[in-house]
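Architecture at a glance
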Amino acid sequence: MIPDWMKDVDASPCKCSATRHGKKGFVGKTIDGIFGFLEEAFVSETYSKKNGLLQSLDARAKLVSILAVIFATSMIGDLRILIFVYLLTLLFSFLSQIPVLFFIKRVWLFIPVFAGIIALPMIFNIFIPGDPLLPVLTLGPGAHLGPFSLPEDIYITSQGVNAAIIFTVRVAACVSAVVLLFLTTPQQILFKSLRTVGVPKIYVLTLEMAYRYIFLLMDLIREMYIAKKARTIRARGMLEEQKWVGGRMGYTLIRSIDMSEKVHMAMMSRGFSGEVKIMQEFKMQSRDYAAGAMAISLGVVLVLISHGVLRV
Amino acid sequence: MHIPDGYLGPYTYIAMWIIMIPIWYYAGKKLSTELRSKQVPLLALAAAFSFVIMMFNVPIPGGSTGHAVGGAIIGIVLGPWAAIIAISVALVLQALMFGDGGITAIAANCFNMAVVMPFVAYYVYRAISANTEITSSRRVIASAVAGWLSLTTAAAFTGFEFGIQPLLHHTAEGVPLYMPYSLNVTVPAMILEHVLGFGILEALVTALIFAYIQRTDTTILYGEKIAAQKKSKKSATIA
């Protein structure tokens, strides 16, 4: 029996990384990236073991519910409903004992980079013509940028702003839902639950194994880069360094194929015949069915309202 | 190039799912007869490699760093069909574990990076290297061109998927609901970015990895395995 104190999970995310040393070259960045990855994996593991609302649901019900919400969100064009869905994800993160601030940061961390670049130009009348909201500058007639001709006046349009906000909030709501899913579900259970949406057993096993070996390969890479860092006095020429990275990638590739042979033999010697069996350790309770049904009907209702079929 | 949720409208992503499901099914069937019990460990390790290849930072001119996508070298080494599954698994992992790439867009992402990239790379590599010696430098060049062209093609497909959004989805007033830019913006933007930037890095990395494999262990290459199998079959029929 494992004593209780050993089962306790340190729920607060920790900073594992201790790689602050001056200017970072490609070596430092790689090592940082790997530590960042490990930290993120660790953090989501700790949240998935907390005692919250979403953690207590059956993984299959949760997967289906979150997928229903995401698919519904991708079909909604009404800003108020999108904001409602986004607020709903915040509420669920709170009920699942994920600090809401951490959750918001986690979601918005990578939204600005992509969605922002796309959404920002949308507000100008160059892309979406509409009613002027705020004039920016006057170019005069015949202005053009490369092959594109520009309008005489450039201004921010209300339609453009509206479209940009809808676009960004939709991305935010979808990303929040996925983040909720993986923050509240332990990986191996999440993979197993993919069976419910029709992923064949053999790929569920492949996913599980791939996930495990990612950590092994990450460790291999970290060791190579740290070994290089430890032995480097002065950086060599760019091409030499690039050659080194290429070689290490090739080595990792050969190692992983080689390892797959060994893993295969080890599996065979333990009775693996190519047929995949997966342990079923799920228990659906009535509340899981209720949660799934609620999420699906919520999705349907929101889509119907957004398309004007239902009126509130 | 990972498309997040909310960029593509339902028509596009559902169409991509309909395209991808038979491709996955066929690739799975083909691999299970070719690899049998080896399938799971090989694909799992290959998927793990496809995942970690993005962790390798490569120094690029200007003191900055970048990373490769890796679809090309995986296509060349494992063969295009195994690459489809391996890269798809890696993409699903990224979407589910880190929110990198959307759930609705999984099929679109897999099509661009797990189907277009390895297939273009493998056949370009085969066409250019022709019947040269396995250690010839022509094969290194072939792999570089394969890396460059495959990434650019994948980018063009991504640009096309973005560009058809305003045509398919807009409100009654013509305000777009998803990706707002039309084809004449998205396709040139994606292609230019990859022809001059990321494509060159991908070419360099593909060539460097290929050159390393040439020097150390060429038996892992898919093309070589196929050739060896054909030879052994021929000699068996002669005997």
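Not measured: the values here are computed from a predicted model.

Turning our eyes to something else, we now look at the overall build of chain B. Across its full length, chain B holds nine helices and two strands. Secondary structure of chain B in N-to-C order comes out as α-α-β-β-α-α-α-α-α-α-α. For a compact globule of 239 residues, the expected C-alpha radius of gyration is about 18 Å, and chain B comes in at 19 Å, within 12% of that figure. On the principal axes, the C-alpha backbone points of chain B span a range of 75 × 45 × 30 Å. Restricting the contact set of chain B to residue pairs at least 6 apart, pairs at least 24 apart contribute 73%. Summing over all exposed atoms, chain B offers an accessible surface of approximately 9,200 Å²; the carbon and sulfur share of this is 67%. Treating the 13 positive side-chain charges of chain B as one cloud and the 10 negative ones as another, the clouds have centres 20 Å apart.

Time to look at the overall build of chain A. Within chain A one finds eleven helices and four strands. In chain A, which comprises 312 residues, the proportion classed as buried is 46%. The long-range fraction of contacts in chain A, counting pairs at least 24 apart against all pairs at least 6 apart in sequence, stands at 77%. Counting only carbon and sulfur atoms, one obtains 65% of the accessible surface of chain A, whose full area is about 16,700 Å².

Where empty space is left can be seen by rolling a probe of water-molecule size over the atoms. Residues and elements named next belong to chain B. A complete count under the given rule lists four cavities of 30 Å³ or more for this structure. Considering only enclosed or pocket space, the second largest cavity measures out at about 60 Å³ in volume. Forming the boundary of the second largest cavity are Ser50, Met54, Val69, Gly70, Gly71, Ile74, Ile87, Ala90, Leu91, Gln94 and Met113. Mapped by element, the contributors of at least two residues to the lining of the second largest cavity are helix H3 (71-78) and helix H4 (80-98). Per-element tally for the lining of the second largest cavity: the top contributor is H4, with four residues.

Before going further, it helps to examine unusual backbone geometry. Negative phi is the rule for most residues except glycine; trans is the rule for most peptide bonds. Residue and element names in this part refer to chain B. With a phi close to 50°, Arg36 is a non-glycine residue in the positive phi region. When you line up the elements, Arg36 lands in the loop between helix H1 (10-35) and helix H2 (39-52). Even without being a glycine, Ala130 presents a positive backbone phi close to 45°. Locating Ala130 in the fold gives a position in the loop between helix H5 (106-129) and helix H6 (137-163). Its relative accessible area of 39% is what places Ala130 among the partly exposed residues.

Turning next to the nonpolar core. Counting 162 residues, the largest nonpolar core has A:Tyr225, B:Phe51, B:Leu93 and B:Met97 as its most contacted members. In terms of residues, this core owes the most to one element, helix H7 (residues 158-184) of chain A, which gives 17 residues. Filtering out sequence-adjacent residues up to four positions away, A:Tyr225 remains in contact with A:Phe26, A:Val27, A:Thr30, A:Ile31, A:Trp244, A:Val245, B:Phe56 and B:Asn57.

Opposite the 62 residues of chain B that make contact, chain A presents 79 residues. Taken together, the two surfaces of chain B and chain A that pack against each other cover about 6,400 Å², and 80% of this comes from carbon and sulfur. Area buried by chain B at its contact with chain A is led by B:Leu45, B:Phe56 and B:Phe98, which between them contribute 11% of it. Applying the counting rule to chain B against chain A returns one salt bridge. The shortest N-O distance in the salt bridge between A:Glu261 and B:Lys38 comes to 3.7 Å. On inspection of chain B and its partner chain A, the count reaches six residue pairs in polar contact (both at pLDDT 80 or more).

Before going further, it helps to examine the packing of aromatic side chains. Scanning the entire structure with this criterion turns up 21 aromatic pairs over all chains. Look at B:Tyr7 and B:Phe162: their rings are 6.0 Å apart centre to centre, the planes differ by 45°, and that puts the pair in the tilted class. Residue B:Tyr7 is found in the segment before H1, and its partner B:Phe162 is found in helix H6; the two are separated by 155 residues along the sequence. The pair formed by B:Tyr7 and B:Phe162 is uniform in burial state, with each residue classed as buried. Members of the aromatic cluster, joined through ring pairs, are B:Tyr26, B:Trp81, B:Phe119, B:Tyr122, B:Tyr123 and B:Tyr222. The ring of A:Trp244 carries the charged tip of A:Lys228 above its face, separated from the ring centre by 4.9 Å.

With that settled, consider the packing of helix H3 (residues 59-73) of chain A against H7(A). Residues and elements named next belong to chain A. At a minimum axis separation of 9 Å, H3 and H7 run at an interaxial angle of 175°. Accordingly, the angle class assigned to the pair H3 and H7 is roughly antiparallel. Residue-level inspection shows Lys62, Leu63, Ile66, Ile70 and Thr73 of H3 in contact with H7, the latter providing Arg170, Ala173, Cys174, Ala177, Val178, Leu180, Leu181 and Thr184. A breakdown of the residues in the contact of H3 with H7 according to their chemical character gives nine nonpolar, two polar and two charged.

Let us now look at the packing of H3(A) against helix H11 (residues 286-306) of chain A. Residues and elements named next belong to chain A. Closest axis-to-axis distance for the H3/H11 pair is 8 Å, and the angle between their directions is 5°. Between H3 and H11, the interaxial angle falls into the category roughly parallel. Each of Ala61, Val64, Ser65, Ala68 and Ala72 in H3 lies in contact with H11, whose residues at this interface are Asp288, Ala291, Gly292, Ala295, Ile296, Gly299 and Val303. Across the contact of H3 with H11, the residue classes tally to eight nonpolar, three polar and one charged.

Its boundaries defined by the atoms lining it, the second largest pocket holds a volume of some 910 Å³. Around the second largest pocket, the lining comprises 29 residues; the ones closest to its centre are A:Gly198, A:Val199, A:Pro200, B:Trp17 and B:Trp24. Mapped by element, the contributors of at least two residues to the lining of the second largest pocket are H3 and helix H9 (201-231) of chain A together with H1, H4 and H5 of chain B. Per element, the largest residue contribution to the lining of the second largest pocket is seven residues, and it comes from H1(B). Classifying every residue of the lining of the second largest pocket by side-chain character gives 23 nonpolar, five polar and one charged.

In this model, chain B carries an average pLDDT of 86, and 97% of its residues clear a pLDDT of 70 or more. Summarising per-element confidence for chain B, the mean pLDDT is lowest in helix H9 (residues 222-238) of chain B (74) and highest in H5(B) (93).

Conventions and cut-offs
- Residues numbered from 1 in each chain as written.
- Chains lettered and ligands numbered in written order.
- Predicted model: local features only at pLDDT ≥ 70, side-chain atom pairs only at ≥ 80, totals over all residues.
- Heavy atoms only, no water.
- Helix = DSSP H or I, 4+ residues; strand = E, 2+ residues; numbered from the N terminus.
- Rg over C-alpha atoms; globule rule 2.2 N^0.38 Å.
- Contact = heavy atoms within 4.5 Å.
- Areas by Shrake-Rupley, 256 points an atom, 1.4 Å probe, with all protein chains shown as cover.
- Lys, Arg positive; Asp, Glu negative; His and termini not counted.
- Charge placed at Lys NZ, Arg CZ, Asp CG, Glu CD.
- Buried < 20%, exposed > 50% of the residue type's maximum accessible area, 1.4 Å probe, protein only.
- 1 Å grid on protein atoms, 1.4 Å probe; cavity = no way out; pocket = protein on both sides within 12 Å on 5 of 7 lines; lining within 4 Å.
- Points joined across faces, edges and corners; volume = space filled by probe spheres on them.
- Core = buried A, V, L, I, M, F, W, Y, C linked by side-chain atoms within 4.5 Å.
- Buried area = accessible area lost by both parts, 1.4 Å probe.
- Salt bridge = Lys/Arg side-chain N within 4 Å of Asp/Glu carboxyl O.
- Polar contact = N/O pair within 3.5 Å; in protein donor to acceptor, adjacent residues only side chain to side chain.
- Phe/Tyr/Trp six-rings, centres within 6.5 Å; stacked < 30°, edge-to-face > 60°.
- Lys NZ or Arg CZ within 6 Å of the ring centre and 35° of its normal.
- Axes fitted to C-alpha atoms, helices over the stretch in contact; angles between N-to-C directions.
- Parallel < 35°, antiparallel > 145°, perpendicular 65-115°, else oblique.
- Nonpolar A, V, L, I, M, F, W, Y, C, P; charged D, E, K, R; others polar.
- pLDDT = per-residue confidence, 0-100.

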